[in-house]
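Commentary on secondary and tertiary structure
One letter stands for each residue in the lines below.
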Amino acid sequence: MAEAEADRALEPYGIDLTPAAMLSVELGWQAPPEDCPHAYRVSIQYQPAQRFEEDTRSDLILGRHPRQQPDHPPQPGPIPSEGTVPAQLYYQGIRAERIGATRDLHFTRELVGPASPMAACWPRTWDPMDDAMALGWPGLTGRLTAVTERWNGLPVGGKCSRSACVDPQTGGGGADNHHRTCVVPPWRETLAGLYTHEGALYAWLRSEWSDGHELGQGIRTERHTLLSIDHGRPVWSQTRVDHRFAQPTAEGGLAPVVRTWTLEATDACPGSLAAAGWERPPGMRERELELRDRLANADEIRRNPSRRRRRSSTEPSTEPSTEPSTEPSTEPSTEPGD
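Residues numbered from 1 in each chain as written. Predicted model: local features only at pLDDT ≥ 70, side-chain atom pairs only at ≥ 80, totals over all residues. Heavy atoms only, no water.

1. Thoughts on the state of the cysteines
Here is the rule we go by: Cysteine sulfur atoms that come within 2.5 Å of each other are treated as a disulfide pair. Runs of H or I in DSSP of at least four residues are treated as helices and runs of E of at least two as strands, each being numbered from the N terminus.
Counted under the stated rule, the structure contains three disulfides. Linked covalently through their sulfurs, Cys36 and Cys269 form a disulfide whose S-S length is 1.8 Å. Residues Cys36 and Cys269 are joined through a disulfide that is left-handed, its torsion about the S-S bond being -95°. Here the residue Cys36 occupies a position in the loop between strand S2 (24-26) and strand S3 (38-47), and Cys269 occupies one in the loop between strand S14 (254-265) and helix H3 (284-296), the gap between them amounting to 233 residues.

As structure tokens, this is what we get:
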């Protein structure tokens, strides 16, 4: 089953994986090399089309932090246990279309973040950078892991806990639902298979999350990720959020929504789709170079006076903030429990 899933996912890229003659592997993240930041494309699709958010494509790039050093000397393989590597991210896309936005990150052997605790359940984009870290970089074991082994991944909480408190048919709370726990589990991760391609080793990870309601009710999320073992990075990842609580649709009215979030490694660094043989579309190499330049000038982007003017101005901004708003929303609330 895992081999068929991986074959379907990688068919558009012309990459054929071969099952590896291995029963276990060490799972751990590695930070991007100093001379080769990791670039990715994020695609988001909705079915049916939504009223308040369209299908989008965004770009992000991750590289070493220019002023902060790792707390352990660099070495081949996963980041040392209890070690951290400071990094920096540049993002351009939904919520930050014109100039883009930057953020400091930290890589560890098991985690990359900060990562949103709500990305597993949310029917639309909240913070696109925190969402990306939660969806594209699953929590790993940081140790030798057997094929088919399962473990708890990143925690899920915040507004995701609300759906566990309500009637899955109506989305309402009240005295009839006081017996519900209002607690949701973390991601559940599985090493579904190990594969090789042109001498490189890959892991196929399967992730699951739900709010605890029965199948066909509430929220159920599944994710598949291709991980480069040799370079400790995601090559491809896709998350499908089946959100059964009705959302406003583009055609009017309310309906359940399926949100599909896809991450593709678009650079030519080791461990990318291009390194595995994918022929990148025209313009993608130039876009990678542009992203590298933006990452190298991340501090300048943060200090950009036009961004400060927009934040202090009473005029409406032409670029949505990358931070969740504290202002009351004018959109009708369709979240469970409201």
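2. Looking at unusual backbone geometry
Residue Pro48 is bonded to the preceding Gln47 through a cis peptide linkage, with omega at 0°. Inspection of the secondary structure assignment puts Pro48 in the loop between S3 and strand S4 (56-64). In the segment running from Gly113 into Pro114, the intervening peptide bond is cis, with an omega of 20°. Within the secondary structure, Pro114 is located in the loop between strand S7 (112-113) and helix H2 (128-136). Backbone geometry at Arg95 places phi at a positive 80°, although glycine is not the residue there.

3. Side note on the environment of Gly271
To be explicit about the condition: Think of it in three bands: with a 1.4 Å probe and only protein chains considered, a residue is buried below 20% of the maximum accessible area for its type, exposed above 50%, and partly exposed in between. Contacts were defined at the residue level, with two residues in contact if any of their heavy atoms lie within 4.5 Å.
Following the sequence through the fold, Gly271 ends up in the loop between S14 and H3. On the accessibility criterion, Gly271 (6% relative accessible area) is buried. Expressed as a C-alpha distance, the spacing of Gly271 and Ser228, which sit 43 residues apart in the sequence, is 5.6 Å. Setting aside anything within four residues of it in sequence, one finds Gly271 in contact with Ser228, His231, Arg233 and Val235.

4. Some details on helix H1 (residues 2-10)
Cut-off, in case you're wondering: What the arc measures is the spread of directions leading from the helix axis to the C-beta atoms.
All of the buried residues along H1 are Ala2, Glu5, Ala6, Ala9 and Leu10. Down the axis, H1 shows its buried residues gathered within 115° of arc, on one side only. Check the buried side of H1 and you find it contacts strand S10 (188-197), strand S11 (200-210), strand S12 (219-228) and strand S13 (233-248).

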